[in-house]
Amino acid sequence: MNLLDRTVGWFNPEAGFRRISARRAMDLQARAYDGARRDHRTASWVTPGSSANLEIGGGEELVRNRARDLVRNSGYAQQIVETYADSVVGTGIVGAPTGVKGRNAKTIAAGWRAWTENCDFDDDQDLNGLIWAAVKGMAESGAALIRFRRVAFDGKATIAPLKLQVLEPDFIDTMKDGAVTGGYIDRGIEYDAQGRKAAYWLFPSHPGDMASFRLRGMVSERVPADEVIYLYNKLRPGQDRGMPILAPAIMTLQNLRGYFEAELVRKRTAACMVGFITSADEELKIGVDTEAGKGKGYGPQKQRMEPGMLTRLLPGEEISFNPPLADAGIDAMAAQYLRETAAAAGLMYEHVSGDFSRINYSSFRAGGHGFRRRMERIQWHVVIHKLCRPIAQRYREAAQAAGLLPVTTFGWRWTPPGFISVDPYKDAQADLLNLRMGKVTLSQLVEERGYDYLEFLNQYASDLKEAESAIAKGFMFDGDPRKAKGGDQSATSGGADKKKTDAADDDAA
C-alpha cells in the first residue's frame, strides 16, 4: 500500500479495499502474461491499438518506396520478390471451362486461349505474364491494380472485347478524402454507407512519371470498384490496403547493406595502410620546412603509395607492417540477417541466399512443407479468388456480349503450377499411385505443368498418330502408354520386358 491507498482507506475503508483488490488483480494479470509486464525493460515499447488501415496509412508510401529501392539495389531483395512470384504463378495458373463437353467445350476453350494471348492493354504480355506481373507488384509494392478496359466491336469480333491493364498502387489519389453522397472517401478509395468499396479515384498517369503527369494533369477520376481489381494479401480483418512482403525486413536488409559496406571500407583501409615507418633520430622532422624551422626535414608525413609499394627508408628508420585483419565472422552474420529476412518474407533461407551447403535432401524436403503451404494459401485465397475468378467472370460477360459463347451455363476450374520436383522419379511414382487411387485426375496432373488439358489431349493424339506412322517404317518407341500393363511397371511389366530383351539379346548372340 502506498500513501494514497492508506489515506483513502482511513477515510473510506470500503473504497480502500476495492483499490487494493484492483491493484492485486492487475499485478496477477501482469504476472500471468510476461508480455503485459510494465517495467524498465518495456518502458520504451510503444504499442498503439490502432487499426490496420491507420497503421498502413501512416507509412504506406514510404515503406513502398524503400522496398522498391531495395529491389533495385539489393540482389537479395530482388531474389525475394521474384521467387515469391515464381512460386505463386510460375509459368501460369491454368484456367479451363467445366460443366460443358464436346464441341462446345472445344469452342469455349479455343476462345479463352485466343483471348488470353491478346488480353494485355499494353500488348506486351499474355494473361500468364499479366498475373505474374501483378503478383510481383503485390510483393514489391504491397498491391497491384488490374483495370478492366472495354473494347468497342462492330458485331464481328473474333476475340472477346476486353483488355486488362496492370497498374501500380501509386495511381490511387491518396490526397482524395471527404464525404460523398451515400458514403465517404478515404485516401483515394470510396466507400458506401456500409463501409464497402464503391470506387477508386485514379490518376490518368503515374504520379512519378513527371513528363506524362504534367501533360495529363493531376486530376483523378472516379472508377467504379467493379472495374478494378485491387490485389493484395489481407492479413488483418478490416484491412483494405496491402504492404510489401519486405516490410518486416526492410531495416534488416538495409542494415545488412550497411554491414557489408562497413566491412568493405574496413578492409580497404587496412589494405591501404601497409606499414608505419619509425626512426631513432630525434632531430628528424617529417613534413617540416627545414629553411624556416629547425631540424632535419624529409618529405611529407603521409606517403602516397599504391598497394604493396613503399617508397623510402632512411638510415636509422624501421618499418612495422600492418597485420592483415582477421575475418570478423561476416558469413555467420550475413546468414543470420538473411534467415530473418527469409522468415519475414515467408520464403526459405536457401531460396533467398542461394546457399544449399547447410542442408541435405531430407531436410530440404521437410523444410519445404511450410513454404509450400504458404504459397498454396496465396495461390488459392488471394490470386485465384481475387484475381483469376473475377477475370473469368468479366471474360464471360464480354464474350457473351460479342456472341462468342455457344453456351453460358458453365464454370471455371483453376490449376496453379506444381512445385519443382527434387526427386522426379519418386514424385512420378507418387503421381501414378495417386492417379490409380483416384486421389487426383489426369487433368490436374497435366494442368499443374502449365498445359491446357484439352489441348494436351489433342496434341498427344496427334503425336501417337505420327508415332504409329514412324513405327510402320521401322522406328521403335518406348513411351506409348497404350502398351503398358497394369500394376507397378518397374516391378512387373518393366521387369518382364527386360527379361524378354535380355533373352532376345542372348539368342542374337
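Owing to the predicted nature of the structure, the values given are computational and were not obtained by experimental measurement.

The rules behind the values
Residues numbered from 1 in each chain as written. Predicted model: local features only at pLDDT ≥ 70, side-chain atom pairs only at ≥ 80, totals over all residues. Heavy atoms only, no water. Helix = DSSP H or I, 4+ residues; strand = E, 2+ residues; numbered from the N terminus. Buried < 20%, exposed > 50% of the residue type's maximum accessible area, 1.4 Å probe, protein only. Contact = heavy atoms within 4.5 Å. Areas by Shrake-Rupley, 256 points an atom, 1.4 Å probe, with all protein chains shown as cover. Pairing = 2+ DSSP bridges. Axes fitted to C-alpha atoms, helices over the stretch in contact; angles between N-to-C directions. Polar contact = N/O pair within 3.5 Å; in protein donor to acceptor, adjacent residues only side chain to side chain.

### Things to note about the overall build of the chain
Moving on, step 1. Looking only at helices and strands, one finds 15 helices and 14 strands in the chain.
Moving on, step 2. Among the 509 residues that make up the chain, the fraction classed as buried is 33%.
Moving on, step 3. Long-range contacts, defined here as pairs at least 24 residues apart, represent 66% of the contacts in the chain between residues at least 6 apart.
Moving on, step 4. When the accessible surface of the chain is summed, it comes to about 31,900 Å², and 55% of that surface belongs to carbon and sulfur atoms.

### Comments concerning the sheet that holds strand β3 (residues 162-167)
Moving on, step 1. If you trace the three strands from one edge of the open sheet to the other, you get β3-β2-β9, paired in antiparallel fashion. The two strands at the open ends of the sheet, each matched to only one other strand, are β3 and β9 (228-231). Between one strand axis and the next, the sheet turns by 20° as a mean value, whatever way the strands run.
Moving on, step 2. For strand β2 (residues 144-150) and β3, the ladder comprises six bridges, and the chain directions are antiparallel. Residue pairing across strands places Arg-150 opposite Leu-162, the latter belonging to β3.
Moving on, step 3. Each of β2, β3 and β9 touches helix α6 (residues 127-141); the most contacted strand, β3, lies at about 25° to it.

### As for the side chain of Arg-147
Moving on, step 1. You can see Arg-147 is positioned in strand β2.
Moving on, step 2. Among the polar contacts made by the side chain of Arg-147, one reaches the side chain of Glu-221 at a distance of 3.5 Å.
Moving on, step 3. Ignoring any residue separated from it by four or fewer positions in sequence, one finds Arg-147 in contact with Lys-163, Leu-164, Gln-165, Leu-202, Glu-221, Val-223, Glu-227 and Val-228.

### Structural notes on the pairing of strand β7 (residues 197-202)
Moving on, step 1. The pairing of strand β6 (residues 189-192) with β7 spans three bridges and is classified as antiparallel. Residue pairing for β7: Glu-190 is matched across the bridge by Ala-199.
Moving on, step 2. Across four bridges, the pairing between β7 and strand β8 (residues 221-224) is antiparallel. Pairing of Trp-201 across the sheet is with Arg-222, part of β8.

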